[in-house]
Amino acid sequence: MPPKPVVRAAAVQIAPDLTSRAGTMERVLNAVTEAADKGAEFIVFPETFVPFYPYFSFVLPPVQQGPEHLRLYEEAVTIPSAETRTLSEAARKRGVVLVVGVNERDHGSLYNTQLIFDADGTLALKRRKITPTYHERMIWGQGDGAGLKVVETAVGRVGALACWEHYNPLARYALMAQHEEIHAAHFPGSLVGPIFGEQIEVTMRHHALEAGCFVVNATGWLTEDQIASIHPDPKLQKGLRDGCMTCIITPEGRHAAPPLTGGEGMVIADLDMKLITKRKRMMDSVGHYARPELLRLLHDTRPAVPRQDWTPEPLDVEEQSHA
């Protein structure tokens, strides 16, 4: 299939339902409908949006996190599940590519997981954040190199990273070396303060320039009532505000539309795919500007599994005679 010359993308910034997975799923589906009605073909939601990002882990000491952590286990998404089938059907019905962040439960562990559904409803990629950041290490397990993968979709070659994975240059290079055309990114939003939003913008623009790709980034949003429900201390509540930068960046490092830094809404822009070649003509980080004889990436693409079945090959007749 020839590449689409123009792709309409949407980056969604809305609040989750902090009380239930079902409530957040309803908000996701409503946003998919709204974005698709506006012509979006590629839609990105915030980090671990279903059921919600574990904001509690940023403001509660470990000794107090138990009840909320256990509640997150109960509300987390298993794969496959009714939730993944619902997202698959939404993508297929509207003919859109969806990127949704979820808290994935795999038996006794939780993971920060990104799901990419192609326009036919196929789950094109399930990947886990390779290293949870700071407070998140109390919540999630680690991902592996198998998830550092670019997938062919109806809108082009799509790669994805979550939050501070973008500060791991080798993780980004793994996707760049697979020639990603659209990069899906997401952050929690409503965290740390204004400096977080500023840092996100710098990071997204830099990746777009370095990779020569489009970046579609979604951050979450918390209402004042939600912030108060997470922690009653006004001093700690300051750490649950601002930090939003929902944006779409071109391969030239420019905003394709005004970013959204507060409140709920979505950023929608048309991606002119010719800009990829325009940028890479001048600087292709994994092509004519690379020096693989000097510097190259070793990427272990094997899934990290605690147990691997192995059955020895049966001995042939001659080998048995010497046994």
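Residues numbered from 1 in each chain as written. Predicted model: local features only at pLDDT ≥ 70, side-chain atom pairs only at ≥ 80, totals over all residues. Heavy atoms only, no water.

**Student:** Before we move on, can you summarise the packing of aromatic side chains with the specific residues and values?
**Tutor:** Under the criterion given, the structure shown has 5 aromatic pairs. Judged by centre distance (5.9 Å) and plane angle (70 degrees), the ring pair of Y53 and W140 falls under edge-to-face. Placement of the pair is Y53 in the loop between strand 2 (42-44) and helix 2 (56-59) and W140 in the loop between strand 5 (123-128) and strand 6 (151-153), with a sequence separation of 87 residues. Like W140, Y53 is buried. Aromatic side chains W164 and Y167 sit 5.3 Å apart centroid to centroid with 55 degrees between the ring planes, which places their arrangement in the tilted category. With relative accessibility at 38%, the residue W164 sits in the partly exposed group. Put simply, the rings of Y53, Y55 and W140 touch in pairs and so form one group of aromatic residues. (Phe/Tyr/Trp six-rings, centres within 6.5 Å; stacked < 30°, edge-to-face > 60°. Helix = DSSP H or I, 4+ residues; strand = E, 2+ residues; numbered from the N terminus. Buried < 20%, exposed > 50% of the residue type's maximum accessible area, 1.4 Å probe, protein only.)

**Student:** Which residues make up helix 3 (residues 66-75), and what values do they have?
**Tutor:** Considered for burial, the residues of helix 3 that qualify are H69, L72, Y73 and E75. In the core, the buried residues of helix 3 are packed alongside helix 1 (21-37), helix 2, strand 3 (97-106) and strand 4 (109-117). (Contact = heavy atoms within 4.5 Å.)

**Student:** An account of the packing of helix 1 against helix 4 (residues 82-94) is requested, with residue identities and associated values reported.
**Tutor:** One way to put it is that helix 1 packs onto helix 4 with a least axis distance of 11 Å and a crossing angle of 10 degrees. When the axes of helix 1 and helix 4 are compared, the pair comes out roughly parallel. Contacts from R21, M25, V28, L29, T33, A36 and D37 in helix 1 reach E83, T86, L87, A90 and R94 in helix 4. In terms of residue class, the contact of helix 1 with helix 4 is built from 6 nonpolar, 2 polar and 4 charged. (Axes fitted to C-alpha atoms, helices over the stretch in contact; angles between N-to-C directions. Parallel < 35°, antiparallel > 145°, perpendicular 65-115°, else oblique. Nonpolar A, V, L, I, M, F, W, Y, C, P; charged D, E, K, R; others polar.)

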